[in-house]
Amino acid sequence: MTLRINRRALLHGSLGIVGAAALTTNERPTLSDTTKADERTLTGGTAGSAGTTWAAVASPLISRRADPFITRPVAGMYYFTGSVPEYDRLVVRGATTIAGLTAATETVIWRRPASGKMGGHIWAPELHRIDNKWYIYFAAGDKDDVFRIRMYVLESALADPRDPAGWVLRGQIVTEWDSFALDSTTFAHKNRRYLVWAQSEPEIAVNSSLYIAELSNPWTLKTKPVRIATPTRSWEIQGYRVNEGPAVLVRNGKVFISFSASATDARYCMGLLSADANADLLRNASWTKKADPVFVTNEQTQQYGPGHNSFTVGADGVTDVLVYHARDYRDITGDPLYDPNRHTRVQRLTWNADGTPYFGVPSGGAGPI
């Protein structure tokens, strides 16, 4: 059958919780969670000096910014972008430290047109530096159908992505199907550049699955899409059958893709895919989905619906940092889509003895738990 989907249907539904608040794994990180290491990670200071503790990092890092994306440092600068509650524009801010992004001036680099295509909801931007140019990947609906979501790319040849003057539209990312598509991310591996995204594939009775393809340029697919994940497990189908928000991390001989699942209320959570770094990433069989979610609502820390993450690196250039959004409360009045209080959070990502990432519990950015 053909499944017609809009974002309101995807996100609206009764509230619930992803299983228990406890971790669903017995694995533990092998890296030591020392206070000094965490002090240096987000502030760039010397451990023990004034103003360099995790407490100095605002919690949340940035209020009312969902689907957060923080770049790795480029010429000494971190850059941030994310969804704004009005879903009407693209914003970028920059700072020399992750902690500095809280108070950094935010620039509007693009606004949706008043009519036509891209005049509807604007969602989930990501900022990537490719071949000395900046690219913003984002999703947009049409003015007369705000939920007719498709993926688009902007390009800037300027050194500073906060300058609106540099941005030009390169167009829509055209996939195999003209259907609901969003949350595109890109990464390079072994001299090939890939796109990973979420889409509603006709004839598959789920809201969105994850796909991968090679790119011929930053906005054009070179190969046919390969489906690498479909929501089937109990924690992926709470409210709606959703796999979305992919984020890529290559470490320890593996390519990891974290992703978000279920409705975007307190049931929203994160899962993990992995493939051998030497495998053919364009084969479905190369990818394995972890049986349990890796990041879920936690009552103790009062972080609800953590998800749609990205990864960056600390000031030491080594420490991996998890970037995500979450709410401070469970109960939502009305449609979760229009609740503005998904806030940007950051915390340290550590590693298990088997080389897989250890997400822990959402701390809200106040430090390691």
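Above this text you will find the structure in question.
Quick caveat: nothing in here was measured; it's all calculated off a predicted structure.

Draft legend 1. Here's a closer look at the sheet that holds strand 7 (residues 145-156). Overall, antiparallel pairing links the 4 strands, which are arranged 5-6-7-8 in an open sheet. The sheet is open, and its two edges are formed by strand 5 (122-130) and strand 8 (167-172), each paired on a single side. Geometrically, the sheet is characterised by an average inter-axis angle of 25° between neighbouring strands, direction not taken into account.

Draft legend 2. Structural view of the environment of Tyr194. If you trace the backbone, Tyr194 turns up in strand 10 (residues 192-199). Along the primary structure Tyr194 and Leu221 are separated by 27 residues, whereas in three dimensions their C-alpha atoms are 8.6 Å apart. When neighbours within four sequence positions are excluded, Tyr194 is seen to be in contact with Thr185, Thr186, Phe187, His189, Ile212, Ala213, Glu214, Leu215, Leu281 and Leu282.

Draft legend 3. Representation of the pattern of salt bridges. Counted under the stated rule, the structure contains 20 salt bridges. As a salt-bridge pair, Arg227 and Glu201 come within 3.1 Å of each other at their nearest N and O atoms. Taken together, the residues span a long stretch of sequence, with Arg227 in strand 13 (residues 226-229) and Glu201 in the loop between strand 10 and strand 11 (209-217) at a distance of 26 residues. Owing to a relative accessible area of 32%, Arg227 belongs among the partly exposed residues under this scheme.

Draft legend 4. Region of the structure containing the nonpolar core. Ranked by internal contacts, the top residues of the largest apolar core, which has 31 residues, are Trp123, Phe187, Ile212, Ile228, Leu273, Leu281 and Trp287. Counting residues per element, the ones that place at least two in this core are strand 5, strand 7, strand 9 (181-189), strand 10, strand 11, strand 13, strand 15 (254-261) and strand 16 (269-276). Here this core takes 4 residues from strand 15, the largest share from any one element. Ignoring sequence-local partners within four residues, the contact set of Trp287 consists of Ile212, Ile228, Val255, Ile257, Leu273, Ser274, Ala275 and Leu281.

Draft legend 5. Expanded view of unusual backbone geometry. The residue after Ser59, namely Pro60, is reached through a cis peptide bond having omega 5°. Turning to its location among the elements, Pro60 is positioned in the loop between helix 2 (35-43) and strand 1 (66-70). Phi is positive for Ser262, close to 70°, though the residue is something other than glycine. Summarising the element assignment, Ser262 is placed in the loop between strand 15 and strand 16. On the basis of relative accessible area, Ser262 is assigned to the buried category, the value being 1%.

Draft legend 6. Molecular detail of the side chain of Asn207. For Asn207, the location among the structural elements is in the loop between strand 10 and strand 11. Using a relative accessible area of 11% as the deciding quantity, one classes Asn207 as buried. In terms of polar contacts, Asn207 uses its side chain to reach the backbone amide nitrogen of Arg241, at 2.7 Å.

Draft legend 7. Inspection of the sheet that holds strand 18 (residues 304-313) at higher detail. One open sheet holds the 3 strands; their spatial order is 18-19-20, and the pairing between them is antiparallel. Every other strand in the sheet has two partners, leaving strand 18 and strand 20 (343-348) as the edge strands with one partner each. Looking at each pair of strands side by side, their axes are set apart by 30° on average, direction ignored. One ladder, built from 6 bridges, connects strand 19 (residues 320-327) with strand 20; its direction is antiparallel. Bridged to His325 within strand 20 is Thr344.

Draft legend 8. The pairing of strand 1, seen in detail. The buried count for strand 1 comes to 5 of 5 residues, which makes it a mostly enclosed element. The sheet contact formed by strand 1 and strand 2 (residues 78-83) spans 3 bridges and is antiparallel. Opposite Ala66, over in strand 2, you have Ser83 as the bridge partner.

Reading guide: rules and limits
Residues numbered from 1 in each chain as written. Predicted model: local features only at pLDDT ≥ 70, side-chain atom pairs only at ≥ 80, totals over all residues. Heavy atoms only, no water. Pairing = 2+ DSSP bridges. Helix = DSSP H or I, 4+ residues; strand = E, 2+ residues; numbered from the N terminus. Axes fitted to C-alpha atoms, helices over the stretch in contact; angles between N-to-C directions. Contact = heavy atoms within 4.5 Å. Salt bridge = Lys/Arg side-chain N within 4 Å of Asp/Glu carboxyl O. Buried < 20%, exposed > 50% of the residue type's maximum accessible area, 1.4 Å probe, protein only. Core = buried A, V, L, I, M, F, W, Y, C linked by side-chain atoms within 4.5 Å. Polar contact = N/O pair within 3.5 Å; in protein donor to acceptor, adjacent residues only side chain to side chain.

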